[in-house]
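Single-letter residue listing:
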Amino acid sequence: IKASIFTPRELSDAMLVGAKQLEASVKMRVFNDGIATSGQAIGNYKSYKLYANRSKFIRKSLFRPTPPTRKTMTFQEGWQGLRRYQGLSTDRVNLSYSGALQLSIQTFAEGNDAVLAIASKDGKEKRENMERLYGQVFTPSTKDVAQFSAAVDVYLLRVTANKLK
C-alpha cells in the first residue's frame, strides 16, 4: 500500500491501532503466557524461605500470621508458596501479581507517532527488577511486531476500501 494515498491523520491512526495491538500482544505474552521476548518461558520459581508481611499479599484477608503476634507469614517455597497460598498460578513465572505493572503499560499518541511505554515510576522499577532476574521480557518479540504490522495493514486496507466506495 502506498503511503502517499493516505492523509497524515490516517497514517497516525494506523500507527495508534498497531501500537494498541502491540500493547495487547506484549501483555498477553508476558502476563498471561509467561513467555519472554526470546519465545522461551520467563522462568520457574525458585524455592527459598520467604517471610511475607501483609503488604506482600494481594488478598489481604488471607494474611494470618502464626502466632498472631508475628508480623509475617513464612513460606518455605518462597514467592511460589505465597502465590499458591493466594490461589495464583505457580507452574511458571508470568509476572502477573497485583496487576499494577500490567496497568502501567500504556499506549500514547505523541504527535503523529504512537508510543508504548511504562507510565509509572513504580512500573519502571518493577520492569528493571524483573529483567534483571529473567532477562529481556518486555521488549516486543518478533511475533509481537508481526501483530503490530498486521494490525496496521488491516487498518490501512479498511481505509483504502472506504475510499474506493
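Refer to the structure presented above.
Residues numbered from 1 in each chain as written. Predicted model: local features only at pLDDT ≥ 70, side-chain atom pairs only at ≥ 80, totals over all residues. Heavy atoms only, no water.

**Student:** Would you mind showing me how to read the pairing of strand 3 (residues 105-110) here?
**Tutor:** Put simply, side chains in a regular strand alternate between the two faces of the sheet. Bridge count for strand 3 against strand 4 (residues 113-118) is six bridges, and the pairing is antiparallel. By the bridge assignment for strand 4, Phe-108 is matched with Val-115. Following strand 3, the chain reverses through two residues before pairing antiparallel with strand 4; Gly-111 in that reversal takes a positive phi of roughly 65°. (Pairing = 2+ DSSP bridges. Helix = DSSP H or I, 4+ residues; strand = E, 2+ residues; numbered from the N terminus.)

**Student:** Could you clarify how one ought to interpret the pattern of salt bridges in this entry?
**Tutor:** Pairing between side chains of opposite charge can happen when their charged atoms approach one another. Scanning the entire structure with this criterion turns up eight salt bridges. Glu-77 is paired through a salt bridge with Arg-84; the nearest N and O atoms lie 2.5 Å apart. Several salt bridges share partner residues, and in doing so they unite Lys-20, Glu-23 and Lys-27 into one network. (Salt bridge = Lys/Arg side-chain N within 4 Å of Asp/Glu carboxyl O.)

**Student:** I'm lost on unusual backbone geometry in this one. Help?
**Tutor:** Keep in mind that most residues, glycine aside, have a negative phi and that most peptide bonds are trans. Non-glycine residue Leu-95 carries a positive phi angle of around 60°. Looking at the element boundaries, Leu-95 is found in the loop between helix 2 (78-85) and helix 3 (100-104).

**Student:** Sorry if this is basic, but what is going on with the nonpolar core here?
**Tutor:** For soluble globular proteins, the rule of thumb is that nonpolar side chains tend to be buried together. The biggest cluster of nonpolar side chains holds 20 residues, and the ones touching the most others in it are Val-30, Phe-31, Ile-42, Leu-95, Val-137 and Phe-138. For Phe-138, the contacting residues outside a window of four places in its chain are Val-26, Arg-29, Val-30, Phe-31, Thr-37, Leu-95, Leu-101, Ile-105, Arg-127, Met-130 and Glu-131. Within the second largest apolar cluster, nine residues are counted, among which are Ala-52, Phe-63, Phe-75 and Tyr-97. (Core = buried A, V, L, I, M, F, W, Y, C linked by side-chain atoms within 4.5 Å. Buried < 20%, exposed > 50% of the residue type's maximum accessible area, 1.4 Å probe, protein only. Contact = heavy atoms within 4.5 Å.)

**Student:** Explanation requested: helix 2 in the structure shown.
**Tutor:** One turn of the α-helix equals 3.6 residues, which is why residues spaced by three or four share an orientation. For helix 2, every residue scored as buried is listed here: Gly-78, Gln-80, Gly-81, Leu-82 and Arg-83. Tucked into the core, helix 2 has its buried residues touching strand 1 (50-53) and strand 2 (72-75). Just downstream of helix 2, Gly-87 is the residue with a positive phi angle, here 80°.

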